[in-house]
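If you want the building blocks of each chain, they are given just below.
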Amino acid sequence: MEKILEVNDLHVSFDTFAGEVQAVRGVNFHLNKGETLAIVGESGSGKSVTSKAVMRLIPNPPGRIKEGEIKFGDRDLAQLSEKEMQKIRGSEISMIFQDPMTSLNPTMTIGKQIMEGLVKHQNMSKSEAKERAVELLKLVGIPNAEGRVNEFPHQFSGGMRQRVVIAIALACNPRVLIADEPTTALDVTIQAQILELLNDLQEKMGTSIIFITHDLGVVANIADRVAVMYAGKIVETGTVDEIFYNPQHPYTWGLLGSMPSLDSTDEELIAIPGSPPDLLDPPKGDAFAPRNPYAMKIDTEMEPPLFKISDTHYAATWLLHEKAPKVEPPGAIKKRMQGMAPSEPIIGAKDGGKNV
Amino acid sequence: MGRYIGGRIISMLITFLIIASLTFFLMKLLPGTPFNNQDKLTETQIVQLNDKYGLNDPVPVQYFNYMKNLLSGDLGVSFQQDGREVSTIIGERIGPSAYLGLQSLVVGTIIGLFLGIIAALKHNSFLDYGTMVIAVLGISIPNFVIAGLMQYWLGVKWQLLPVAYWDGFAYTIMPTIAIASIVVATIARFMRTEMLEVLGQDYITTAKAKGLSSTAVVIRHTIRNASIPIITIMGPLVVGLMTGTLVIEQIFVIPGLGEKFVNSILTNDFPIIMGTTLFFSLLFIIVILIVDIMYGIIDPRIRLAGGKS
């Protein structure tokens, strides 16, 4: 499979008054053509920072890409000048943001906001761009697109605004779309519609998607592959089936265990004890060790390497070392893993009406 | 929108009448009489003068007469400049004041916006700190002090600019700087804060993610949104500017309305006090209305709330 984007050993730090916060500490992943890669993890795990680093949208100062490369085709995005990067942003790599209520300019019509990218990257005239904007609004399912193109964001509902944001991102047929928690701020029925829309658009346009989320239900619905992040590192990566049916990292177990399910009522939710480490002073060894009931002595001393489970499945935990005791995930989580059906949408995407 | 403006105009009229009444009664509390050299006048002359100007009537009757004339557009005649219409006097005095006010407002706003934008874009740099020092100085030093210092250094010591009077563009420079300083300072500070606020908004990240150049992001997305609150402070600022002009006109001996206003109070020239006060009030009220309408033009969310008709 053709790799369209490859991130190698990415380090991103923020210089604060308290010191250097190492938000991303050596992340490796790649994105294949036409696939959806989900990056999951709890708040502060570095998933948003990673995606913003790919877009080079980290405000500098205080943020900076300390080391690592972001290979996009034959270019290294980490090394490009701001000018060269502007040519890529919006045309080859686009981004959708979390909160549609705040990610549109309140004083500009949505038509103009869509047209900006077209005029900049595709040298379209104003009238061509406007036609294309109407087309895009239709594509993302906004009724009466001709009329609504001249309206302002406050005249749209949250779900409709997110569609507009998607239209902006897709305006120039980007090869990579980064969706940073695009459904988090929406209610569940609208979430389902937006996910369905993204799935449809991906099929039509062949875009590769990096999908950032903390919601495993969404992951099951949309992703081909999953990367689990914790404390600025990827701790486990694999296909959706591998992550949901055969998770190896105790943190992934924790994530699966803490996910509520609509199917049964007798299961208990298992919380991961403790809180993520302070990245101002990252712990020695495995960052997850203090919260890990299966932690061994070595976890506090040495960072685990990525152990290979299959060609596509890797996990960074000493439990996979040949000398480690064999550990089974807790019963409740095992039961849940069996109940997990990634091929079936967890939320009823197909049932959502078009009216938002 | 039409209905909204109609309603506003009615409330403006009521405000205007209230101001007129209050000013009238307050003015009647002023000590002294309108006539110079009163000790040289005989009793009969004073009675005659008072009769002529209706000052012997009870205050409520005077008030009633004044309001009646006011509503028919008659501001009365000056006591000091015998028999001249108040409206004529205002008319011939308004020129320099309006010129000075507008010039200060325009220059001050442009420089203020420019400094505020630069300070925000170069946040935490030398330029930022420099601008804010200017802003703090502009706000904390009263404009009559700036005027006096300029007169001394630029006018007397270095002989660069005329010290006072009103005779061509060179004469407007120092008064304009004195009046505009507070405008520059206020707007620069506000604009900086608003720019920083807007630059941190999600839609700025969206704009950057579209691949727009930083200039396009600032011009198309930041400045417009940052200027919405600036429009709000423009109202009080213009009002402050007008009152500032009163003093500055005195200092630079500019034959403007402000100078006339101050002198009319000192000499108890009742019709002029009333005329100029009402004129300034009317201006304030209109400025506030314009600010509200501007608000709607620049921010579509408010335009809609005002009613789509």
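Model, not experiment: these values are computed from the prediction.

(A) Inspection of the overall build of chain B at higher detail. For chain B, the helix and strand inventory stands at 12 helices and zero strands. The order of α-helices and β-strands along chain B, N terminus first, is α-α-α-α-α-α-α-α-α-α-α-α. Structurally, chain B occupies a C-alpha span of about 85 × 60 × 30 Å along its principal axes. By residue count, 32% of the 309 residues in chain B fall in the buried class. Within chain B, counting contacts between residues at least 6 apart in sequence, those at least 24 apart form 74% of the total.

(B) Highlighting the overall build of chain A. Scanning chain A for helices and strands turns up 11 helices and 12 strands. Relative to a compact globule of 356 residues, whose C-alpha radius of gyration would be 21 Å, chain A shows 21 Å and is just as compact. Structurally, chain A occupies a C-alpha span of about 65 × 50 × 40 Å along its principal axes. Looking at the 356 residues of chain A, the share that counts as buried comes to 49%. In chain A, the share of contacts with a sequence separation of at least 24, taken over all contacts with a separation of at least 6, comes to 68%.

(C) Highlighting the sheet that holds strand β9 (residues 225-230) of chain A. All names here are of chain A. With respect to topology, eight strands assemble into an open sheet ordered β6-β7-β8-β3-β9-β10-β12-β11, the strand pairing being mixed. Each having just a single partner strand, β6 (93-96) and β11 (307-308) make up the two edges of the open sheet. Pairing of strand β3 (residues 36-40) with strand β8 (residues 208-213), which is carried by five bridges, proceeds in the parallel orientation. The residue of β8 that forms the bridge with Val-40 is Thr-213. Sheet strands in contact with helix α1 (residues 47-55) are β3, β6, β7 (176-180), β8 and β9, and its direction is about 150° off that of β7.

(D) A look at the sheet that holds strand β1 (residues 3-16) of chain A. Residue and element names in this part refer to chain A. In space, the four strands of this open sheet follow the order β2-β1-β4-β5, with antiparallel pairing throughout. Since the sheet does not close on itself, it has two edges, and those belong to β2 (19-32) and β5 (75-76), each with one partner. For β1 and strand β4 (residues 63-72), the ladder comprises eight bridges, and the chain directions are antiparallel. What sits directly across from Glu-6, in β4, is Lys-71.

(E) Spotlight on unusual backbone geometry. Residues and elements named next belong to chain A. Even without being a glycine, Asp-9 presents a positive backbone phi close to 50°. Counting through the fold element by element, Asp-9 comes out in strand β1. What makes Asp-9 exposed here is the crowd of 11 C-beta atoms within 10 Å. Its identity is not glycine, yet Ala-231 carries a phi of approximately 50°, on the positive side. Relative to the helices and strands, Ala-231 is located in the loop between β9 and β10 (233-239).

(F) Highlighting the interface of chain A and chain B. Of the residues lining the interface, 24 residues belong to chain A; the matching set on chain B comes to 19 residues. Going through the elements one at a time, α2 (82-88), β6 and α3 (110-122) of chain A are the ones with two or more residues in the side of chain A that touches chain B. A per-element tally of the side of chain A that touches chain B places α3 of chain A first, with four residues. In terms of residue class, the side of chain A that touches chain B is built from eight nonpolar, 11 polar and five charged.

(G) Up close: the pairing of β4 of chain A. Residue and element names in this part refer to chain A. Pairing analysis gives two bridges linking β4 to β5, with the strands arranged antiparallel. The residue of β5 that forms the bridge with Lys-71 is Asp-76. Joining the antiparallel neighbours β4 and β5 is a turn of two residues, in which Gly-73 adopts a positive phi near 65°.

(H) Region of interest: the packing of helix α9 (residues 214-251) of chain B against helix α10 (residues 257-266) of chain B. Residues and elements named next belong to chain B. Look at α9 against α10: their axes get within 7 Å of each other, and the N-to-C directions meet at 90°. Taken together, α9 and α10 sit at an angle that is classed as roughly perpendicular. Taken together, the residues of α10 that come into contact with α9 (itself represented by Thr-245, Leu-246, Glu-249 and Gln-250) are Gly-258, Glu-259, Phe-261 and Val-262. Counted by class, the contact of α9 with α10 contains three nonpolar, three polar and two charged residues.

(I) Structural view of the nonpolar core. If you look at the biggest cluster of nonpolar residues, it comprises 104 residues, and the most contacted ones within it are Ala-167 and Val-228 of chain A. The leading source of residues in this core is helix α6 (residues 158-170) of chain A, at eight residues. Beyond its immediate stretch of four places on either side in the chain, Ala-167 of chain A contacts Ile-114, Leu-136, Leu-137, Leu-139 and Val-140 of chain A. Of all hydrophobic cores here, the second largest spans 34 residues; its members include Leu-100, Ala-178, Ala-188 and Leu-241 of chain B.

(J) Examining the confidence of the model for chain A more closely. Residues and elements named next belong to chain A. For chain A, per-residue confidence averages 84 on the pLDDT scale, and 92% of positions sit at 70 or higher. Ranking the elements of chain A by mean pLDDT puts helix α11 (residues 331-339) last with 69 and β3 first with 93. Segment residues 341-356 is flagged for pLDDT under 50; beyond a separation of four residues in sequence, or across chains, it makes 27 contacts in the model.

(K) Just the confidence of the model for chain B, in detail. All names here are of chain B. Predicted confidence across chain B gives a mean pLDDT of 86, with 96% of residues reaching 70 or more. Ranking the helices and strands of chain B by mean pLDDT puts helix α7 (residues 170-199) first, with 92, and helix α12 (residues 300-305) last, with 66. Here the complex is predicted with pTM 0.78, and the ipTM for its interfaces comes to 0.82.

(L) Seen up close, α3 of chain A. Residue and element names in this part refer to chain A. For α3, spanning 13 residues, the distance from its first C-alpha to its last is 18 Å, which sits close to the expected 18 Å at 1.5 Å a residue. Of all the residues in α3, the buried ones are Ile-110, Gly-111, Gln-113, Ile-114, Met-115, Glu-116, Gly-117, Leu-118, Lys-120 and His-121. At its buried positions, α3 is contacted by α4 (126-139) and α6. At the exit of α3 stands Asn-123, carrying a positive phi of roughly 50°.

(M) Broad picture of helix α7 (residues 188-205) of chain A. Compared with the 26 Å implied by 1.5 Å per residue over 18 residues, the 25 Å span of α7 of chain A between its first and last C-alpha is a close match. The complete set of buried residues in α7 of chain A reads Ile-190, Gln-191, Ala-192, Gln-193, Ile-194, Leu-195, Glu-196, Leu-197, Leu-198 and Leu-201 of chain A.

(N) Region of the structure containing the packing of helix α6 (residues 143-157) of chain B against α9 of chain B. All names here are of chain B. Two numbers describe how α6 lies on α9: the axes approach to 10 Å, and their chain directions differ by 25°. With respect to their mutual orientation, α6 and α9 come out roughly parallel. When you trace α6 past α9, the crossing you get is right-handed. For the pair formed by α6 and α9, the contact residues are Asn-143, Phe-144 and Ala-147 on the first element and Gly-244, Val-247, Ile-248 and Ile-251 on the second. Per-class residue counts for the contact of α6 with α9 are five nonpolar, two polar and no charged.

(O) Seen up close, the environment of Leu-121 of chain B. Here Leu-121 of chain B shows up in helix α4 (residues 86-121). For the pair Leu-121 of chain B and Tyr-152 of chain B, spaced 31 residues apart in sequence, the C-alpha to C-alpha distance is 36 Å.

(P) Focus on the pairing of β10 of chain A. Residues and elements named next belong to chain A. Most of β10 is tucked away: six of the seven residues are buried. Bridge count for β9 against β10 is six bridges, and the pairing is antiparallel. Along β10, the bridge assignment pairs Met-229 with Ile-234. Counting the residues in the hairpin turn of β9 and β10 gives two residues, including Ala-231, whose phi is positive at 50°.

The rules behind these values
- Residues numbered from 1 in each chain as written.
- Chains lettered and ligands numbered in written order.
- Predicted model: local features only at pLDDT ≥ 70, side-chain atom pairs only at ≥ 80, totals over all residues.
- Helix = DSSP H or I, 4+ residues; strand = E, 2+ residues; numbered from the N terminus.
- Buried ≥ 20, exposed ≤ 12 C-beta atoms within 10 Å, placed from the backbone.
- Contact = placed C-beta atoms within 7 Å.
- Rg over C-alpha atoms; globule rule 2.2 N^0.38 Å.
- Pairing = 2+ DSSP bridges.
- Axes fitted to C-alpha atoms, helices over the stretch in contact; angles between N-to-C directions.
- Nonpolar A, V, L, I, M, F, W, Y, C, P; charged D, E, K, R; others polar.
- Parallel < 35°, antiparallel > 145°, perpendicular 65-115°, else oblique.
- Core = buried A, V, L, I, M, F, W, Y, C linked by C-beta atoms within 7 Å.
- pLDDT = per-residue confidence, 0-100.
- Expected span 1.5 Å × (residues − 1).
- Left-handed = near helix turned anticlockwise from the far one by under 90°.

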